[in-house]
Amino acid sequence: MRKSGVVDIVARNPWRGARKNPFVLDADAARIEEYNRTVDERFQMRVDVPPEPVHGNPFNANVVVLMMNPGFHDEDVICAQDEDYCERLACEAAMVQVPGDYPFAPLDPKWKDSPCGSWWRKVLSRFIGELGDQQVAERFSVLEWYPYHSRSFRYKPHILRLSEATAYNQEVAAACVSDSSKTVICMRGHDLWTMGCKFDAYALPRPVNPRCASLTPGNLGQGLFDEVMDKLSK
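Given the structure is predicted, the values throughout are model-derived calculations rather than measurements.

Quick look at the overall build of the chain
Next up, step 1: When you go through the chain residue by residue, the secondary structure sums to 12 helices and 4 strands.
Next up, step 2: In summary, the chain has a C-alpha radius of gyration of 17 Å against a globular reference of 17 Å for 234 residues, a match within 12%.
Next up, step 3: The C-alpha extent of the chain, read off along each of the three principal axes, is 45 × 35 × 35 Å.
Next up, step 4: Counting all 234 residues of the chain, 53% fall into the buried class.
Next up, step 5: Summed over its atoms, the accessible surface of the chain is roughly 11,000 Å², and 50% of this surface lies on carbon and sulfur atoms.

Here it is in structure tokens:
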């Protein structure tokens, strides 16, 4: 994708604007409140912890993974009290360059014990073990279909489909898919990514078990695993 196109997309990033609640877009606030009234605690979207619409820089990454939404752990509330942590995730969401060598924030050693740090280090352990966390952090990115945390996810199209945050990540995902130099893997939410984007998510590489986020030869297949390793090595 041409640099001018990337600049245009990044300029439309809704996470760059001011918000009443730093953890939710103003355009999404009423929608999430309505949604949370209709589901039990397991599915409720959290607006008291930093959202995670993206990790890493999808435009610079060689490998981009499409997910559903970030899970919720009780310790996320504790991390939300750390101003540095919140600022780091806010910069990542806004796709603002920050100092340091870890564009994929969960792999920054400073946050290795956070819930997202622990989870992604486990998911990426095979690549980290071979290449190191810094190199993986520079070449790997994740886009979440919905940016807000929940313990489990239940899709309600009349409430969630119109999200500003989701519309933006769909645009970014479509740009990544159109870039033949990238490997884009749809791990979860194939129906949702296909519905909102200009590509067929079912035509993308995908795991053997979509309920499992493990990036291993067993779940990706040896061929795709080797391709990812090669892309992260460059």
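Structural notes on the pairing of strand 4 (residues 183-186)
Next up, step 1: Neither face of strand 4 is left uncovered, since the one carrying Thr-183 and Ile-185 and the one carrying Val-184 and Cys-186 both have all their residues buried.
Next up, step 2: Both strand 2 (residues 63-67) and strand 4 contribute to a ladder of 4 bridges, which runs parallel. Looking at the pairing, Val-63 lines up with Thr-183 of strand 4.

Some remarks on unusual backbone geometry
Next up, step 1: Here the phi dihedral of Met-95 falls at roughly 55°; this positive angle occurs in a residue that is not glycine.
Next up, step 2: With respect to the helices and strands, Met-95 occurs in the loop between helix 4 (83-94) and helix 5 (115-123).
Next up, step 3: Owing to a relative accessible area of 14%, Met-95 belongs among the buried residues under this scheme.

Comments concerning helix 4
Next up, step 1: With 12 residues, helix 4 extends 16 Å between its outermost C-alpha atoms, agreeing within 8% with the 16 Å of an ideal straight helix rising 1.5 Å per residue.
Next up, step 2: When we look at burial in helix 4, the residues that qualify are Tyr-85, Cys-86, Arg-88, Leu-89, Cys-91, Glu-92, Ala-93 and Ala-94.
Next up, step 3: Looking at the packing, one finds that the buried side of helix 4 touches strand 1 (54-55), helix 3 (75-79) and helix 5.
Next up, step 4: Here helix 4 starts with a cap whose side-chain oxygen sits 3.0 Å from the backbone nitrogen of Asp-84, and that cap is Asp-82.
Next up, step 5: Where helix 4 ends, the next residue or the one after it, Met-95, has phi of about 55°, a positive value.

What about the sheet that holds strand 3 (residues 140-144)?
Next up, step 1: Taken in spatial order, the 4 strands of this open sheet run 1-3-2-4, and their pairing is mixed. At either end of the open sheet lies a strand with only one pairing partner, and these are strand 1 and strand 4.
Next up, step 2: As defined by bridge partners, strand 2 adjoins strand 3 across 5 bridges and the pair is classed as parallel. Paired with Val-65 across the bridge in strand 3 is Val-142.
Next up, step 3: Strands strand 2, strand 3 and strand 4 of the sheet are contacted by helix 9 (residues 164-177), whose axis makes an angle of about 140° with strand 3.

Looking at the packing of aromatic side chains
Geometrically, a pair of aromatic rings is defined through the distance of the ring centres and the angle of the planes.
Next up, step 1: Throughout the structure, instances matching the rule amount to 11 aromatic pairs.
Next up, step 2: For the ring pair Trp-145 and Phe-153, a centre distance of 6.3 Å and an interplane angle of 80° mean the geometry is edge-to-face.
Next up, step 3: Pairing Trp-145 with Tyr-155 gives two aromatic rings, centres 5.5 Å apart and planes at 85°, and the pair type is edge-to-face. With Trp-145 in the loop between strand 3 and helix 8 (157-160) and Tyr-155 in the loop between strand 3 and helix 8, the pair connects residues that are 10 residues apart, well separated along the chain.
Next up, step 4: With a relative accessible area of 1%, Trp-145 lands in the buried category.
Next up, step 5: Ring pairing ties together the aromatic residues Trp-15, Trp-145, Tyr-146, Tyr-148, Phe-153 and Tyr-155, which thus form one cluster.
Next up, step 6: Positioned over the ring face of Phe-72 is Arg-46, at 4.0 Å from the centre of the ring.
Next up, step 7: Sitting above the plane of the Phe-43 ring, Arg-154 keeps its charged end 4.1 Å from the centroid.

Procedures and definitions
Residues numbered from 1 in each chain as written. Predicted model: local features only at pLDDT ≥ 70, side-chain atom pairs only at ≥ 80, totals over all residues. Heavy atoms only, no water. Helix = DSSP H or I, 4+ residues; strand = E, 2+ residues; numbered from the N terminus. Rg over C-alpha atoms; globule rule 2.2 N^0.38 Å. Buried < 20%, exposed > 50% of the residue type's maximum accessible area, 1.4 Å probe, protein only. Areas by Shrake-Rupley, 256 points an atom, 1.4 Å probe, with all protein chains shown as cover. Pairing = 2+ DSSP bridges. Expected span 1.5 Å × (residues − 1). Contact = heavy atoms within 4.5 Å. Polar contact = N/O pair within 3.5 Å; in protein donor to acceptor, adjacent residues only side chain to side chain. Axes fitted to C-alpha atoms, helices over the stretch in contact; angles between N-to-C directions. Phe/Tyr/Trp six-rings, centres within 6.5 Å; stacked < 30°, edge-to-face > 60°. Lys NZ or Arg CZ within 6 Å of the ring centre and 35° of its normal.

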